[in-house]
Amino acid sequence: MTEPAPVPAPPVPSAPVLPALVPIVRAAMRSRCPRCADGPLFAGMTAFAPHCRACGLDFRQFNVGDGPAAFLILVVGGIITALAVILQIKAEPPFWVHVLLWVPLTTIAVVACLRVSKAALLILEYRNQAREGRIAPEEATRQ
Ligand SMILES: [Zn+2]
C-alpha cells in the first residue's frame, strides 16, 4: 500500500511591513482615540487621558509600560551622542555650546518621540486586542 503524496503547503504571503506601519504611524502622530479618531489621547505632555472625550473609550485599560521610554533612550541617545561627537571633532566648540545645544534638543526629541511611540503602542494594543497575560483556569487547559 502506497501512501498518498503529501500535499504541499500553500505559500505564505509575506506582508510588506513598511506599508502596514504607515497608517499606525500616521494615527500615532495625530494622537487621537483609536476607536473614534476624534478625542485626544493625551491629557498632558506624555500622560494619557483617562478616557476619550468623544466616545468614552477607557484608556486606563491599556498598559504601554516602559517600552517606549527604553527604546527612545537607545535611539535618541545614540543619535544625539553621535551628533555631539561629530560636532566636537569638526568644530571643537567650548563645553557650554554642547550644553546649550544638546540638552534642549534631547528634551524636545524625547518628549515628541515619547508621545508618538506611546500613542502607537496604545493604538496597537487596541487594534490587536492585546491584554495582560492571565493564567487559564485548570478546567480550560484539560481539553
Ligand atoms: Zn474615542
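A quick note: this is a predicted structure, and the numbers were derived from the prediction, not measured. (Residues numbered from 1 in each chain as written. Predicted model: local features only at pLDDT ≥ 70, side-chain atom pairs only at ≥ 80, totals over all residues.)

1. Comments concerning the overall build of the protein
Rule in force here: In DSSP terms, a helix is any run of H or I states spanning at least four residues, a strand is any run of E spanning at least two, and both are numbered starting from the N terminus. Buried means a residue has 20 or more other C-beta atoms within 10 Å of its own C-beta, exposed means 12 or fewer, and partly exposed covers the counts in between; C-beta atoms are placed from the backbone. Residue pairs are scored as contacts if the distance between their C-beta atoms, which are placed from the backbone, is within 7 Å.
Each helix and strand in the protein was counted, giving three helices and zero strands. Counting from the amino terminus, helix and strand elements in the protein follow one another as α-α-α. Taken across its 143 residues, the protein has 10% of its residues classed as buried. Put simply, 54% of the contacts in the protein that link residues at least 6 apart link residues at least 24 apart.

2. Quick word on the nonpolar core
Under the convention used in this document: Defined on buried residues, the nonpolar core groups Ala, Val, Leu, Ile, Met, Phe, Trp, Tyr and Cys residues joined through C-beta atoms within 7 Å.
In terms of nonpolar packing, the biggest core is built from nine residues, these being Ala28, Cys33, Leu41, Cys52, Phe62, Ala119, Leu121, Leu122 and Ile123. If you tally residues by element for this core, the top one is helix α3 (residues 95-128), at four residues. With residues up to four places along the chain from it excluded, the contact list for Cys52 reads Cys33, Arg35, Cys36, Gly39, Leu57 and Phe59.

3. As for the environment of Arg115
By the element assignment, Arg115 lies in helix α3. Taking the C-beta count within 10 Å as the criterion, Arg115 has 20 such neighbours and is therefore assigned buried. Separated by 74 residues in the primary sequence, Arg115 and Leu41 have C-alpha atoms spaced 9.4 Å apart. Beyond its immediate sequence surroundings of up to four residues, Arg115 is in contact with Ser31, Phe42 and Thr46.

4. With respect to unusual backbone geometry
Despite not being glycine, Ser31 shows a phi value in the positive range, around 55 degrees. Looking at where Ser31 falls in the secondary structure, it is placed in the loop between α1 (17-30) and α2 (67-91). With 17 C-beta atoms counted inside 10 Å, the residue Ser31 sits in the partly exposed group. The phi dihedral of Ala37 is positive, around 60 degrees, even though this residue is not glycine. Mapped onto the fold, Ala37 is located in the loop between α1 and α2. By C-beta crowding, Ala37 is classed as partly exposed, having 13 other C-beta atoms within 10 Å.

5. Here's the deal with α3
Our working definition: A helix's residues, less one, multiplied by 1.5 Å, set its expected span.
With 34 residues, α3 ought to run about 50 Å at 1.5 Å a step, and its terminal C-alpha atoms sit 47 Å apart, in line with that. All of the buried residues along α3 are Arg115, Ser117, Lys118, Ala119, Leu121, Leu122 and Ile123. Positive phi appears at Gln129, one or two residues downstream of α3, with a value of about 50 degrees.

6. Concerning α2
Look at α2: 36 Å from first C-alpha to last across 25 residues, which is about the 36 Å you get at 1.5 Å a residue. Glu92 sits one or two positions beyond α2 and adopts a positive phi of about 45 degrees.

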